[in-house]
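# Working through the structure, step by step
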Amino acid sequence: MLRAVAEVMAQQQLHTWKPQHLSNTAWAFATLAFNPGQSLLAQICLQAEWKAADFRAQQTVNLAWSLATFSYSAIGLLEKLVAHLERRRHQITAESLVTLLWSYATLRCHPWRLMSVLQAEMDVASLPPAALANLLWSYATLGHRPVPQQMVTAAAQVAERK
């Protein structure tokens, strides 16, 4: 049934879809662990790239997470989304930012400017241990240096509590 839904959606005129529709569709399929196929993902990415400036922070996170879940690399789209997100960084929670960085790291797309801006602003001490681990994994996977001292300190504190 999901395959039929994905095939019908792939034939739709996605240019009329708003960013929320694009993001929610990708997120729904990813949450169901059902890959809708290259055709629909390519169309979602194409439309999202054209509408990147209109994506809200959470829509960006959801779409990036979905693409990472499917291992669907759309570097041009990811670069556009993160460029627009930099202006809206106040709209994103620390945990959503970790999810976003995990998604970009999974797809090997380095959001250099965003990481540079946010490493000074993010309160890593407030992150749950799993989110901190994902953040450190993202830095390591992307080869981002230097790893902010606050992350190293927070990780050491979590390790001491165990």
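A few points on the structure. Just so it is clear, the structure is predicted and the values come from calculations on it, not from any experiment.

## Details of the nonpolar core
One finds Leu63, Leu67, Leu77, Leu100, Tyr104, Val124 and Leu135 to be the most contacted residues of the largest nonpolar core, which totals 50 residues. Contributions of two or more residues to this core are made by α2 (19-31), α3 (38-50), α4 (57-69), α5 (75-85), α6 (94-106), α7 (112-121), α8 (129-142) and α9 (149-161). Those residues within four positions of Leu77 in sequence are excluded, and the remaining contacts are Cys45, Ala48, Glu49, Leu63 and Leu67.

## Considerations on the side chain of Arg88
Note that Arg88 resides in the loop between α5 and α6. An unpaired buried charge is present at Arg88: no salt bridge exists, and Asp54, the closest side chain of opposite charge, is 5.6 Å distant. Here the side chain of Arg88 touches Phe55 through a polar contact of 2.7 Å, landing on its backbone oxygen. If we skip the residues at most four places from it in the chain, Arg88 touches Ala53, Phe55 and Ala57.

## Here we look at the pattern of salt bridges
Evaluated as defined, the whole model comprises 1 salt bridge. Lys80 is the partner of Glu49 in a salt bridge, and the nearest nitrogen-oxygen pair spans 3.9 Å. With Glu49 in helix α3 and Lys80 in helix α5, this pair connects stretches of sequence that are 31 residues apart.

## Some thoughts on unusual backbone geometry
Generally, phi is negative for residues other than glycine and the peptide bonds are trans, each holding for most cases. At the junction of Arg145 and Pro146, the peptide bond is cis and its omega measures out at -5° in the coordinates. Take Pro146: it is sitting in the loop between α8 and α9. The backbone phi angle of Ala33 is positive, close to 55°, even though this residue is not glycine. Inspection of the secondary structure puts Ala33 in the loop between α2 and α3. Judged by its relative accessible area of 69%, Ala33 is exposed. For Ser71, which is not glycine, the phi torsion reads 55° and is therefore positive. As for its position among the elements, Ser71 is in the loop between α4 and α5. Residue classification places Ser71 among the exposed residues on the basis of a relative accessible area of 58%.

## Thoughts on the packing of aromatic side chains
Evaluation of the coordinates by the stated rule reveals 1 aromatic pair. A ring pair is formed by Phe29 and Phe34, whose centres lie 6.0 Å apart and whose planes are at 40°; its orientation type is tilted. Comparing Phe29 with Phe34, the two get one shared label, buried.

Thresholds applied
- Residues numbered from 1 in each chain as written.
- Predicted model: local features only at pLDDT ≥ 70, side-chain atom pairs only at ≥ 80, totals over all residues.
- Heavy atoms only, no water.
- Core = buried A, V, L, I, M, F, W, Y, C linked by side-chain atoms within 4.5 Å.
- Buried < 20%, exposed > 50% of the residue type's maximum accessible area, 1.4 Å probe, protein only.
- Helix = DSSP H or I, 4+ residues; strand = E, 2+ residues; numbered from the N terminus.
- Contact = heavy atoms within 4.5 Å.
- Lys, Arg positive; Asp, Glu negative; His and termini not counted.
- Salt bridge = Lys/Arg side-chain N within 4 Å of Asp/Glu carboxyl O.
- Polar contact = N/O pair within 3.5 Å; in protein donor to acceptor, adjacent residues only side chain to side chain.
- Phe/Tyr/Trp six-rings, centres within 6.5 Å; stacked < 30°, edge-to-face > 60°.

Geometric values such as these leave the question of function open.
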